[in-house]
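The residues making up each chain are set out below.
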Amino acid sequence: MLDKLAAENTGNDIQAAAHATVAKAGVELSERRRDIPPTFVEQLYGRVVPDDVMRYGAADLARLAERAFDYLQLREPGASKIRCETVALEDSGAHKAITVIEVSNDDMPFLVDSVMGEIAERKLDVRLVSHPVLGVRRDGDRLTAVDAADAAGALRESFIHIHVEPIEDAGARDALVAALQNVLGEVRLAVQDWRPMLDYVNGIVADLKTNPPPLPVDEVAEAIQFLQWLLADNFTFLGVRYYTVDGRSIEPDFESGRGIMRSRELRVLRRGSEHLEFTPEIMAFLNEPRQLIIAKANIHARVHRRVYLDYIGVKSFDDDGNLNGEHRIVGLFTSSAYTRAAHSIPYLRRKIAAVEERAGFEKGSHSAKALANVLEHYPRDELFQVDVELLHEFSLAILQLDERPRVRVLARRDRFDRFVSVMVYVPRERYDTATRLKIGDYLAAAFVGRVSAFYPYFQEGPLVRVHFIIGRSSGTTPEVPRETLEREIELIVRSWADDLAAALALANPHGKARDLFARYRDAFTVGFHDNYTPAVAAGDIRVMEGLSAERPFGVDFHHRLEEEQRSVALK
């Protein structure tokens, strides 16, 4: 309790000190610049993390606020204005310089997280982030007044003010500005076209209802409900585009593009530098009796979250029931898609029901409940993409781990041959960063690719699940048997103690090995592990077990392998 109170008091002290520093900076700036509103420094720094404010002296904060106010003087309406400059500090202790990134923009969603995503991608050390929304008045592009964001008659403008480690290279600063211009251009497209994209998808739903395609009725009904679920704030729409299909080719209709898919250069599917708009795999999907495809695009979203875009394809048919195109929708599932019960989400619930029916467990039984739990905690992105057959196979394989925990490797090849999704189950006590890196390196080599992403999940029980995404650039994905993958990963996670148990079993075939292992498992130091093999330890145990009151001393002379002919070691 005392520790908690002390921590609270410390936090309050830092907050009070930061507030005092900002207030002092405001006074200094007001004395020097009568044209700057007295509240501007508080607007700029008042909500910044107190620890970050305390890195600066009041004089430096005043100078940085003055620069920021002057920067806001001119901005063309409807356009982003970005500056990235390295600034010397005079009153901030050990910090002698910072690079200041400033973005002035019409207020809209996704600005800060999109900008921070680009900065994080470049692995820059961020020292302060400020994002006031200002109420401004302008005469054309010239600033005439700055007020509170909710001031009557004022325009809401976003001002992002970020301090990062000094970027000395002017070329690197220019490249960052150019990248941020592209990011904010995509943000503007996505925000401006938000309503048109909703109208586009609502149009697909209306067409499916009034002109049902020649597919199973339940397939079409589930597709309609899934699209309606997306529209109910469960998906962040970033782009849509229509593609025409004539049986031999698939061509984008660029005029139909909305959001980020207005860009003619944007391609949803590709492998390395190879575009995959028309491949045998895509044509195979288009010829299947399915209305939807849900997959991952090959490109990261630059709007909102820096993750791979979600891609949803919806087939379209002419009046005669012939396939004539595909609607491609890209964006990001919102948090509800990951937090809501999978059994309640259209498209997923139908897939889950099919797996449970195939499993054939009695409703309400222990096995049925265990399977439902496996499916509920299955990686959600995988659940959207995996087909029913493979989901049935994998979920039963996972279910078996409850009865006998062991290394398990479940690999799924992307139907467009762009990546391999691999779920790896390993003993919790064997898992650490070094082990994860070794497993990732092995999988990348096995599938001739690279580790694009990994997602550890510490479930209840003795196992840890790590979901690896192995990205591929070219060629056909190798077929690696599950037995091979599991054998190699077992070797990776195998410990020195495991090998000691095996060595003792080999040297003591009559059942004594288990007792010996229990006695000596933790007897050897980490230094011994690093220098001696378990087979050597088993030999030492044999000697020690042979000692007695009558024979209390044992000696072992041996050649050291690295100095075989020159010296003899003594134990």
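If you're wondering where the values come from, they're calculated on a predicted model, not measured in any experiment.

Draft legend 1. Region of interest: the overall build of the protein. Tallying secondary structure elements over the protein gives 20 helices and 19 strands in all. Looking at the protein residue by residue over its 571 residues, the buried ones come to 46%. Expressed as a percentage of contacts within the protein between residues at least 6 apart in sequence, the contacts between residues at least 24 apart total 66%. Approximately 28800 Å² of the protein is accessible, and the part contributed by carbon and sulfur atoms is 52%.

Draft legend 2. Structural view of the pattern of salt bridges. A full pass over the atoms with the stated rule returns 44 salt bridges. As a salt-bridge pair, Arg122 and Glu118 come within 2.9 Å of each other at their nearest N and O atoms.

Draft legend 3. Fine view of the sheet that holds strand S14 (residues 408-413). Read from one edge to the other, the open sheet built from 4 strands follows the order S14-S15-S17-S16, with strand pairing classed as antiparallel. Each edge of the open sheet carries a strand with a single partner, namely S14 and strand S16 (450-457). Across the sheet, the mean angle separating the axes of adjacent strands is 15° when strand polarity is ignored. In terms of strand pairing, S14 meets strand S15 (residues 419-427) through 6 bridges, oriented antiparallel. Within S15, the residue paired with Leu410 across the bridge is Met423. Relative to the sheet, helix H15 (residues 433-446) contacts S15, S16 and strand S17 (463-471), its axis offset from that of S17 by approximately 40°. Against the sheet, helix H16 (residues 482-493) touches S14 and S15, its axis set at about 130° to S14.

Draft legend 4. Layout of the nonpolar core. Ranked by size, the top nonpolar core spans 54 residues in total, and within it Phe226, Ile329 and Phe333 carry the most contacts. The element best represented in this core is helix H8 (residues 217-234), accounting for 8 residues. For Phe333, the residues in contact, after removing those within four places along its chain, are Phe226, Trp229, Leu230, Asn234, Phe235, Ile294, Arg305, Asp310, Ile312, Tyr338 and Phe384. If you look at the next biggest cluster of nonpolar residues, it comprises 44 residues, including Ile119, Leu176, Val177 and Leu269.

Draft legend 5. Structural detail: unusual backbone geometry. Located in the positive-phi region is Phe110, a residue other than glycine, with phi close to 75°. Tracing the backbone through its elements, the reader meets Phe110 in the loop between strand S2 (97-106) and helix H5 (111-121). A positive phi angle is found at Asp417, which is not glycine, with a value near 65°. Here Asp417 shows up in the loop between S14 and S15. Asp417 sits in the buried class, given a relative accessible area of 7%.

Draft legend 6. Looking closely at the environment of Glu393. Checked against the element boundaries, Glu393 lands in helix H14 (residues 388-399). Taking the relative accessible area as the measure of exposure, Glu393 reaches 40% and is therefore partly exposed. Through-space distance from the C-alpha of Glu393 to that of Ala359 is 9.4 Å; in sequence the pair is 34 residues apart.

Draft legend 7. The sheet that holds strand S8 (residues 250-259), seen in detail. Judged by pairing direction, the sheet is antiparallel, and its 5 strands sit side by side in the order S8-S7-S13-S12-S11 without closing on themselves. Edge strands, defined here as strands with exactly one partner in the open sheet, are S8 and strand S11 (292-300). The mean inter-strand angle of the sheet, taken between neighbouring strand axes irrespective of direction, is 30°. With 9 bridges joining them, strand S7 (residues 235-245) and strand S13 (residues 323-333) adopt antiparallel strand pairing. Looking at the pairing, Gly239 lines up with Val330 of S13. Lying on the sheet, helix H7 (residues 194-210) is in contact with S7, S8, strand S12 (308-317) and S13; it crosses S7 at an angle near 55°.

Draft legend 8. A look at the packing of helix H11 (residues 348-359) against helix H12 (residues 366-376). Between H11 and H12, the least distance of the axes is 11 Å, while the angle of their chain directions is 150°. H11 and H12 meet at a crossing whose hand is right-handed. For the pair H11 and H12, the contacting residues are Ile352, Val355, Glu356 and Ala359 in the first and Leu371, Ala372 and Leu375 in the second. Within the contact of H11 with H12, the residues separate by chemical class into 6 nonpolar, no polar and 1 charged.

Draft legend 9. The arrangement of helix H6 (residues 170-192) in detail. In this model H6 runs 33 Å from its N-terminal to its C-terminal C-alpha over 23 residues, within 8% of the 33 Å that 1.5 Å per residue would give. Regarding H6, the residues found buried are Arg173, Leu176, Val177, Ala179, Leu180, Val183, Leu184, Glu186, Val187, Arg188 and Ala190. Elements in contact with the buried residues of H6: strand S1 (81-88), S2, H5, H7, S7 and S8.

Draft legend 10. Local environment of the packing of helix H17 (residues 496-507) against helix H20 (residues 534-545). Running from amino to carboxyl end, H17 crosses H20 at an angle of 55°, the nearest separation of the two axes being 8 Å. Judged by the inter-axis angle, H17 sits oblique to H20. Here H17 runs over H20; the crossing is right-handed. Facing Trp496, Asp499, Leu500, Ala503 and Leu504 of H17, the residues of H20 in contact are Pro534, Ala535, Ala537, Ala538 and Ile541. Within the contact of H17 with H20, the residues separate by chemical class into 9 nonpolar, no polar and 1 charged.

Draft legend 11. Local environment of the side chain of Glu186. Along the chain, Glu186 turns up in helix H6. A distance of 2.8 Å separates polar atoms of two side chains, one belonging to Glu186 and the other to Arg302. Residues in contact with Glu186, not counting those within four places in the same chain, are Ile260, Arg302 and Val303.

Draft legend 12. Structural view of the pairing of S7. Judged by how many residues are buried, S7 sits mostly within the fold: 10 of 11 residues are covered. Across 6 bridges, S7 lies against S8 in antiparallel orientation. What sits directly across from Val245, in S8, is Ile250. Between the end of S7 and the start of S8, which pair antiparallel, lie 4 residues, with Gly247 showing a positive phi angle near 95°.

Draft legend 13. H16, seen in detail. The end-to-end C-alpha separation of H16 is 16 Å, in line with the 16 Å expected for 12 residues at 1.5 Å each. What H16 keeps buried is the set Leu485, Glu486, Ile489 and Val493. Buried residues of H16, viewed axially, fall in a sector of 90°; they line one side. Facing away from the buried side of H16 by over 90 degrees, the exposed positions are Glu483 and Leu491. The secondary structure elements touched by the buried residues of H16 are S14, S15, H15 and H17.

Parameters and conventions
Residues numbered from 1 in each chain as written. Predicted model: local features only at pLDDT ≥ 70, side-chain atom pairs only at ≥ 80, totals over all residues. Heavy atoms only, no water. Helix = DSSP H or I, 4+ residues; strand = E, 2+ residues; numbered from the N terminus. Buried < 20%, exposed > 50% of the residue type's maximum accessible area, 1.4 Å probe, protein only. Contact = heavy atoms within 4.5 Å. Areas by Shrake-Rupley, 256 points an atom, 1.4 Å probe, with all protein chains shown as cover. Salt bridge = Lys/Arg side-chain N within 4 Å of Asp/Glu carboxyl O. Pairing = 2+ DSSP bridges. Axes fitted to C-alpha atoms, helices over the stretch in contact; angles between N-to-C directions. Core = buried A, V, L, I, M, F, W, Y, C linked by side-chain atoms within 4.5 Å. Left-handed = near helix turned anticlockwise from the far one by under 90°. Nonpolar A, V, L, I, M, F, W, Y, C, P; charged D, E, K, R; others polar. Expected span 1.5 Å × (residues − 1). Parallel < 35°, antiparallel > 145°, perpendicular 65-115°, else oblique. Polar contact = N/O pair within 3.5 Å; in protein donor to acceptor, adjacent residues only side chain to side chain. Arc of directions from axis to C-beta.

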